[in-house]
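# Remarks on the overall topology
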Amino acid sequence: MNTQEQEIECYYDVDVEVSLLNENGHLKPHAYQFLIADVAGRHLSRFHVNADDTIGFGLSWALISQHVEVLRPINGCEHLRARTWHSGTKGPYFRRELIFCDNDGQVVFQAVTFSILLDVKKRSVLRPKTLNTLGFSLPEPHPEFLFEAKATRKFQMEYEPSETRRVYNSYLDLLGHVNNCRYSEFAYDTFTPEEKLRLSQLKRMEIYFESELRPQDTFTIKKASQENSLFFLGHNNDRDNTSFHIAMTFE
């Protein structure tokens, strides 16, 4: 059995915990990110290419964008089974597919991520073709795509400021910047009671990470709506640039 076959045939058990659900019993937006990160992390560790392994080469994974398609809402503290595989590279971007099924084998939600390998000291992007010179290798891609997704995208909307915040210590991860799971949490904090009720109708979520939020940065969450979608923009007030874009589409 080759490495590619091993990767796409690995399964992971996942339990939806109480903390991932809101008071209405709906999965919070950042909970999808948490479950994706959990499965991807365990999978990369299995193939010795997770953060603990890459840091020995002076590298770390950095998420560029994340896409979630929800086929049916989570019903409380469910048990799920997940699969994931590296599906291809284009330019500096590594694409990964993830699929989460219930006990009956029905797909609950699926996801696509785009990541880069970052030189931790230089804060520069490593091109995939240079990996072999480092003696670092990844599983061969299995080119099966779950749905259409782009690594980068911008939404031209008429945003209104919703809330201004500061980066706290609890937001930071190993790289010293705000962990990617926090971004949809920031967006969710601006939801009205009516918008929270709509989480059972969430069909798609797209998150695009443009620039780092670092310790003591202040940022403003801006919000817009159009038809069945909510849009969020995180503006870094100290650097005067865009930190993230998020779009959530409902039935």
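To be clear, the structure that these remarks concern was listed above.
Residues numbered from 1 in each chain as written. Predicted model: local features only at pLDDT ≥ 70, side-chain atom pairs only at ≥ 80, totals over all residues. Heavy atoms only, no water.

### As for the packing of aromatic side chains
One pair of aromatic rings is described through two measures. These are the centre distance and the angle between the planes. Summed over all chains, the structure comprises 13 aromatic pairs. With centroids separated by 4.8 Å and ring planes inclined at 75°, the aromatic side chains of Tyr183 and Phe244 adopt a geometry described as edge-to-face. Taken as a pair, Tyr183 in helix H5 (residues 181-188) and Phe244 in strand E11 (residues 241-250) lie far apart in primary sequence, 61 residues in all. Here Tyr183 falls in the buried class, since its relative accessible area comes to 3%. Owing to a relative accessible area of 0%, Phe244 belongs among the buried residues under this scheme. (Phe/Tyr/Trp six-rings, centres within 6.5 Å; stacked < 30°, edge-to-face > 60°. Helix = DSSP H or I, 4+ residues; strand = E, 2+ residues; numbered from the N terminus. Buried < 20%, exposed > 50% of the residue type's maximum accessible area, 1.4 Å probe, protein only.)

### Things to note about empty space enclosed by the protein
On inspection of all chains with the given rule, the structure shows 1 cavity of 30 Å³ or more. By volume, the largest cavity amounts to about 40 Å³. In this structure, the largest cavity is lined by His26, Leu27, Tyr32, Pro73, Ile74, Leu199 and Ser200. When grouped by side-chain class, the residues that make up the lining of the largest cavity number 5 nonpolar, 2 polar and no charged. (1 Å grid on protein atoms, 1.4 Å probe; cavity = no way out; pocket = protein on both sides within 12 Å on 5 of 7 lines; lining within 4 Å. Points joined across faces, edges and corners; volume = space filled by probe spheres on them. Nonpolar A, V, L, I, M, F, W, Y, C, P; charged D, E, K, R; others polar.)

### Regarding the side chain of Lys223
Relative to the helices and strands, Lys223 is located in strand E9 (residues 218-226). By relative accessible area, Lys223 is classed as buried at 15%. A distance of 2.9 Å separates the side chain of Lys223 from the backbone oxygen of Thr190, its partner in a polar contact. In terms of polar contacts, Lys223 uses its side chain to reach the side chain of Glu195, at 2.7 Å. When sequence neighbours within four positions are dropped, the list of residues in contact with Lys223 reads Glu158, Tyr159, Glu160, Ser162, Thr190, Phe191, Thr192, Glu195, Leu230, Phe231 and Phe232. (Polar contact = N/O pair within 3.5 Å; in protein donor to acceptor, adjacent residues only side chain to side chain. Contact = heavy atoms within 4.5 Å.)

### Overview of the packing of helix H2 (residues 29-46) against H5
Look at H2 against H5: their axes get within 7 Å of each other, and the N-to-C directions meet at 170°. By the angle between their directions, the pair H2 and H5 is classed as roughly antiparallel. For the pair H2 and H5, contact is made by Pro29, His30, Gln33, Phe34 and Ala37 and by Cys181, Ser184, Glu185 and Tyr188, respectively. A breakdown of the residues in the contact of H2 with H5 according to their chemical character gives 5 nonpolar, 3 polar and 1 charged. (Axes fitted to C-alpha atoms, helices over the stretch in contact; angles between N-to-C directions. Parallel < 35°, antiparallel > 145°, perpendicular 65-115°, else oblique.)

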